[in-house]
Each structure stands twice: as structure tokens, then as C-alpha cells.
Amino acid sequence: MVATSGNWLGGLVIYYIGYSGKPEKIKRFLKLTPEQLEKQKKKINRYGTLMALFVWIPLIGNVSNIALGFYRIKPPPSS
């Protein structure tokens, strides 16, 4: 029960790290164009629920969880 709670809280923290990300900093840091961000947002909106199924996988899950937060995918529909 403790491990499950810790995993759940860790997932929420990672989600809110992505949620608090600023698009300007992401564009500058990753050198992305607005068109690339919009293309990624369409994919995240389409496959966000499926991505949420894989957040338990180390590294890949963290990146997808940050992306879900950054693109403001709501937690209840994706859980």
C-alpha cells in the first residue's frame, strides 16, 4: 500500500512538472517550431489515454507523463 501510494504521488508530481512547463522555454530548449509543437499536441490529444497506460514504465513513462502534463491532458479521462 505504501509503494502504491508513493508511485501514485510520484506520477502526480511528474505530471504537474510538465503542467507547469512554459511553452517558450520548451521551444527554446528543444529548438522546436510552433508547427512541430502543434503536430505533437494533435498526437497527444489522440493517443493521450493510451500513453497514460504506459506511465509505469521507467524513463518512457516519465517522458510521456511530462508530455501529458505539458499538453494539459486532464487526469481523470486518462486514468
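Our subject in this report is the structure included herewith. In this text the structure is predicted, and so the values were computed from the model without any measurement.

A short note on the overall build of the chain
From N to C terminus, the chain includes five helices and zero strands. Sequence-ordered secondary structure for the chain, helices as α and strands as β, is α-α-α-α-α. For 79 residues, the compact-globule estimate of 2.2 N^0.38 gives 12 Å, and the C-alpha radius of gyration of the chain, at 13 Å, lies within 12% of that figure. Considered along the principal axes of its C-alpha atoms, the chain spans approximately 45 × 25 × 20 Å. Counting every position in the chain, which comprises 79 residues, the buried fraction comes to 24%.

With respect to the packing of helix H3 (residues 34–53) against helix H4 (residues 60–70)
Between H3 and H4, whose axes approach to 10 Å, the crossing angle comes to 115°. You can see that H3 and H4 cross each other, and the crossing is left-handed. On H4, the residues that touch Leu-37, Ile-44, Gly-48, Met-51 and Ala-52 of H3 are Ser-64, Ala-67, Leu-68 and Phe-70. Of the residues belonging to the contact of H3 with H4, the class tally is seven nonpolar, two polar and no charged.

Section: a positive patch on the surface
Together, Lys-22, Lys-25, Arg-28, Lys-41 and Arg-72 give the surface a local cluster of positive charge. With respect to the helices, strands and loops of the structure, Lys-22 is situated in the loop between helix H1 (2–19) and helix H2 (23–30). Overall, the relative accessible area of 48% leaves Lys-22 in the partly exposed class.

Some thoughts on H3
Taking 1.5 Å as the rise per residue, H3 with 20 residues should run 28 Å; its terminal C-alpha atoms sit 27 Å apart, in good agreement. At Tyr-47, H3 shows its largest bend, some 70°.

Looking at the packing of aromatic side chains
In this structure the tally under the stated criterion is four aromatic pairs. Pairing Tyr-15 with Tyr-16 gives two aromatic rings, centres 5.0 Å apart and planes at 90°, and the pair type is edge-to-face. On the basis of relative accessibility, which here comes to 7%, the residue Tyr-15 falls in the buried class. Between Tyr-16 and Tyr-19 the ring centres are 5.8 Å apart and the planes differ by 70°, which places this aromatic pair in the edge-to-face class. Of the two residues, Tyr-16 and Tyr-19 both sit in helix H1, three residues apart, roughly one turn of that helix.

A few points about the packing of H1 against H4
Look at H1 against H4: their axes get within 6 Å of each other, and the N-to-C directions meet at 50°. Here H4 runs oblique to H1, going by the angle between their axes. Note on packing geometry: the crossing formed by H1 with H4 is right-handed. In this structure, H1 contributes Gly-11, Ile-14, Tyr-15, Gly-18 and Tyr-19 to the contact, and H4 contributes Asn-62, Asn-65, Ile-66, Leu-68, Gly-69 and Phe-70.

Calculation rules
Residues numbered from 1 in each chain as written. Predicted model: local features only at pLDDT ≥ 70, side-chain atom pairs only at ≥ 80, totals over all residues. Heavy atoms only, no water. Helix = DSSP H or I, 4+ residues; strand = E, 2+ residues; numbered from the N terminus. Rg over C-alpha atoms; globule rule 2.2 N^0.38 Å. Buried < 20%, exposed > 50% of the residue type's maximum accessible area, 1.4 Å probe, protein only. Axes fitted to C-alpha atoms, helices over the stretch in contact; angles between N-to-C directions. Left-handed = near helix turned anticlockwise from the far one by under 90°. Contact = heavy atoms within 4.5 Å. Nonpolar A, V, L, I, M, F, W, Y, C, P; charged D, E, K, R; others polar. Patch = residues over 30% accessible without salt bridge, like charges linked within 9 Å, V, L, I, M, F, W, Y side chains within 5 Å. Areas by Shrake-Rupley, 256 points an atom, 1.4 Å probe, with all protein chains shown as cover. Salt bridge = Lys/Arg side-chain N within 4 Å of Asp/Glu carboxyl O. Lys, Arg positive; Asp, Glu negative; His and termini not counted. Charge placed at Lys NZ, Arg CZ, Asp CG, Glu CD. Expected span 1.5 Å × (residues − 1). Bend = angle between axes of the 7 residues up to and from the residue. Phe/Tyr/Trp six-rings, centres within 6.5 Å; stacked < 30°, edge-to-face > 60°. Parallel < 35°, antiparallel > 145°, perpendicular 65-115°, else oblique.

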